[in-house]
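One letter stands for each residue in the lines below.
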Amino acid sequence: MNIVAFGASYSRTSINRQWAEYVARQIPGATAVRVLDLNDYDLPVYTVEREQEFGIPESVGRFIAELQNADVVVASFAEYNGSYTAGFKNLFDWASRHTLKMFEAKPTVLLSAAPGPRGGLTVLQSAVERFPRHGAEVVGSMALPRFKETFHPEHGLTDEALRAELDGLLAQFAAAVAAPRQA
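The rules behind these values
Residues numbered from 1 in each chain as written. Predicted model: local features only at pLDDT ≥ 70, side-chain atom pairs only at ≥ 80, totals over all residues. Heavy atoms only, no water. Salt bridge = Lys/Arg side-chain N within 4 Å of Asp/Glu carboxyl O. Helix = DSSP H or I, 4+ residues; strand = E, 2+ residues; numbered from the N terminus. Buried < 20%, exposed > 50% of the residue type's maximum accessible area, 1.4 Å probe, protein only. Axes fitted to C-alpha atoms, helices over the stretch in contact; angles between N-to-C directions. Parallel < 35°, antiparallel > 145°, perpendicular 65-115°, else oblique. Contact = heavy atoms within 4.5 Å. Expected span 1.5 Å × (residues − 1). Polar contact = N/O pair within 3.5 Å; in protein donor to acceptor, adjacent residues only side chain to side chain. Pairing = 2+ DSSP bridges. Right-handed = clockwise from strand over helix to strand, strands pointing away.

1. Things to note about the pattern of salt bridges
Oppositely charged side chains may form a pair once their charged atoms are brought near each other.
At step 1: All chains considered together, the criterion is met by ten salt bridges.
At step 2: We note a salt bridge from Arg17 to Asp37, for which the minimum N-O separation is 3.5 Å. Note that Arg17 is positioned in helix α1 (residues 15-26) and Asp37 in the loop between β2 (32-36) and α2 (48-54), a separation of 20 residues in sequence.
At step 3: By relative accessible area, Arg17 is classed as buried at 13%.
At step 4: One salt bridge in this structure joins Asp167 and Arg163, with 2.7 Å as the shortest N-O distance. A residue pair is termed a helical-turn pair when its members lie 3 or 4 positions apart in one helix, as Asp167 and Arg163 do in helix α7 (residues 160-178) at four residues.

Below is the structure:
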């Protein structure tokens, strides 16, 4: 099972990219995990006029191709003022103009991580509601609060309750992908 994972942030030290990669590598049956760096998809701010004048940038097509080549998508969202980061929202806007149903009914795990006690829960809830409209089959979600206290780069989750929550998410994922798909 080929998995594409990304942190929905352009931060070079993104905790959400770390969290997405960690969870992707925990998924049973993962044979390959490709971690995207959104800095590889540098884009002008989306406007209808830019799209009409210049077309859709080539980097958007590369991002869509990564999604299309995956069997599973794992995305983790940084929360800026209760919403997506401006950079990710811009990429998402361009991507939806390229391919509206960009996730093509792929099993998708949505995550968030933050230093605070809610772990980016507001943006995660927004993504859980929004992404099915773009073809994602959301098979689970989890917010990781207090990132610096609950996650270690080498050892993963250090909080037992959060580890149990992740184990539940992974079991939910396994059950969802094992179930026959409806046509």
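2. Focus on the packing of helix α3 (residues 58-69) against helix α4 (residues 86-98)
Working note: a packed helix pair is described by the angle between its axes plus the distance between those axes.
At step 1: Orientation of α3 relative to α4, taken along the N-to-C sense of each, is 80°, at an axis distance of 9 Å. One finds that α3 runs roughly perpendicular with respect to α4. Note on element contacts: α4 touches α3 through Leu91, Trp94, Ala95 and His98, opposite Val60, Gly61, Phe63 and Ile64.

3. Topic: α1
At step 1: The terminal C-alpha atoms of α1, which comprises twelve residues, lie 17 Å apart, in line with the 16 Å expected from a rise of 1.5 Å per residue.
At step 2: The set of residues buried in α1 consists of Asn16, Arg17, Trp19, Ala20, Tyr22, Val23 and Ala24.
At step 3: The distance from a side-chain oxygen at the start of α1 to the backbone nitrogen of Asn16 is 3.1 Å, and the residue carrying that oxygen is Ser14.

4. A look at the pairing of strand β1 (residues 2-8)
At step 1: With respect to burial, β1 is a largely interior element, six of its seven residues being buried.
At step 2: In terms of strand pairing, β1 meets β2 through five bridges, oriented parallel. Bridge pairing in β2 places Ala5 opposite Val35.
At step 3: Handedness of the crossover joining β1 and β2 through α1: right-handed.
At step 4: Looking at chain direction, β1 and strand β3 (residues 72-77) are connected through six bridges and run parallel. The residue of β3 that forms the bridge with Gly7 is Ser76.

5. Looking at the environment of Pro28
At step 1: With respect to the secondary-structure elements, Pro28 resides in the loop between α1 and β2.
At step 2: You can call Pro28 partly exposed: its relative accessible area is 45%.

6. A few points about the sheet that holds β3
At step 1: Taken together, the five strands give an open sheet; going across it, the order is β2-β1-β3-β4-β5, and neighbouring strands pair in parallel fashion. What marks the edges here is a single partner per strand, and that holds for β2 and β5 (137-144). The average angle at which neighbouring strand axes cross in this sheet is 20°, direction not considered.
At step 2: Where β3 and strand β4 (residues 107-113) come together, five bridges link them in parallel fashion. Residue pairing in the sheet places Ser76 in a bridge with Leu111 of β4.
At step 3: Along the sheet, α1 contacts β1, β2, β3, β4 and β5; its crossing angle with β4, the most-contacted strand, is approximately 140°.
At step 4: Contacts between α3 and the sheet are confined to β1, β2 and β3, with β1 contributing the most and set at about 135° to the helix.

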